[in-house]
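# Report on the structure
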Amino acid sequence: MMRPLVRATLAVVLVWSAPDATAQPADGDLVLVSVGAQQGVFHTETRLLGLRTVQGTTTLWPAAVVPGFANDGMLVLTTLSSGALFRYRANATPSVVTTFASLAPRDLALDQDGSFVLAASNRIVRWDGTTATDWVNGPLGLDRIVRDGDTGDFVVTRQPQGDLLRLDRVTGLYSTIATNLGTLTGIAYNPITGRIAVSRFGTRSGLVLISSRSSSPIVVGIANAGAVAVHPWTGEHLVGTYDGRVLRVAPDGSITSTRSYGAGYAFRDIAVWGSRNLSAVASGQRAVTIAIDLRFPRSSARSYCVAMSLANRPGIALPDGRTLSLAPDALFFTTVCRDLPGLTQGFVGILDRAGSATARATVPSTIPSGIRFYIGAAAVNPSLPTSLDISNVEVVRR
């Protein structure tokens, strides 16, 4: 009975559950890096007008914040003592994960092999959890980086030229997406539209939404923009400014709300708590096994389901305004909630008491190079409005 229930519910409805008003961040809360008079890492709460300070972060000189692997807290990149990486878990003081001697990374993004890719002025560095090694050199001025969830490549900003560069994950070669965009301060990928969002300072048009399929970017009138993130289920842009505001911008570029937290805040980066509850790890080599790590803390000991597709758009539009970015194609209906001998394992099951589970998918050696697989999951949770909890969608490039 469980498999038909999950399949039917997955294809019909999902609802975002409002987080509890507690002293620790909950799914959907924003985590913000400020470099102003109010310096450190902060987070929002649903019924709190101001921001809560993350303990122990006011002297870290934070530069970037990203969700940890499989929802394991937040990783905070700092420029303290060349460079350091801290992990912040709910209700705990951040702890040092690693330091980067003689390296001052500006930003980081998770790759499909489980390593983090860091932009560091004149080079791109891979950190595998133990060792940082150079991957690609130059050009000078590399600053913010994000993984393009459509292609599996990386997109990097370059300062002071104001360039937007694509970095091919396989070849390590750069290509130019756009030039002379101004002082770029942030970058994010939008899974709903496929556009790359960049924030820029020194202009009243501080948010630009760029598509590789269109020569006409969407320009949004926001002054003093210092950071941008995208909610993975709604495609809503979250823009932090250097004068302490957070604006919510719809996928089409229309501003839907503005909240001011005070001029003492200068937001340098922004992320959504709980927005990486699925991480897929694969080398991209022949006959590869994709390891899929799930973490749904709201849905511990509940049934879950995994699915794959060959495209992420058009996704499955949901009544509450969210979209599951998996195309309902033949691969989706073949794999959803199904363990196929020799191909998928753990695509249906029960989450443990921490809300975690692992799954596997084997890509046959006969699959041509260049094929991309998109992977997502959902958990059944009767305590949520429509009985479902969903994951982000990850791309694996063969």
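Here we take up the environment of Ile 210. Along the chain, Ile 210 turns up in strand 17 (residues 207–210). Take Ile 210: its relative accessible area is 10%, and that puts it in the buried class. Separated by 33 residues in sequence, Ile 210 and Ile 177 have C-alpha atoms that sit 8.7 Å apart.

This part is about the sheet that holds strand 6 (residues 84–88). Each strand in a sheet pairs with another by means of backbone hydrogen bonds, the pair being arranged parallel or else antiparallel. Taken in spatial order, the four strands line up as 4-5-6-7 in an open sheet, and their pairing is antiparallel. Here the strands that pair on one side only, and so sit at the sheet edges, are strand 4 (62–67) and strand 7 (95–99). Shown here is a sheet whose adjacent strand axes are inclined to one another by a mean of 25°, direction ignored. Inspection of the sheet shows strand 5 (residues 74–78) paired to strand 6 by five bridges, in the antiparallel sense. Bridge pairing in strand 6 links Leu 77 to Leu 85.

For the rest of this paragraph, the subject is the side chain of Thr 185. Structurally, Thr 185 can be placed in strand 15 (residues 183–189). Within the structure, the side chain of Thr 185 is placed 2.8 Å from the side chain of Ser 199, a separation counted as a polar contact. A distance of 3.0 Å separates a polar side-chain atom of Thr 185 from the backbone oxygen of Ala 225. If we skip the residues at most four places from it in the chain, Thr 185 touches Arg 144, Gln 159, Ser 199, Arg 200, Phe 201, Ala 225, Gly 226, Ala 227, Tyr 242 and Arg 268.

What counts and how
- Residues numbered from 1 in each chain as written.
- Predicted model: local features only at pLDDT ≥ 70, side-chain atom pairs only at ≥ 80, totals over all residues.
- Heavy atoms only, no water.
- Helix = DSSP H or I, 4+ residues; strand = E, 2+ residues; numbered from the N terminus.
- Buried < 20%, exposed > 50% of the residue type's maximum accessible area, 1.4 Å probe, protein only.
- Pairing = 2+ DSSP bridges.
- Axes fitted to C-alpha atoms, helices over the stretch in contact; angles between N-to-C directions.
- Polar contact = N/O pair within 3.5 Å; in protein donor to acceptor, adjacent residues only side chain to side chain.
- Contact = heavy atoms within 4.5 Å.

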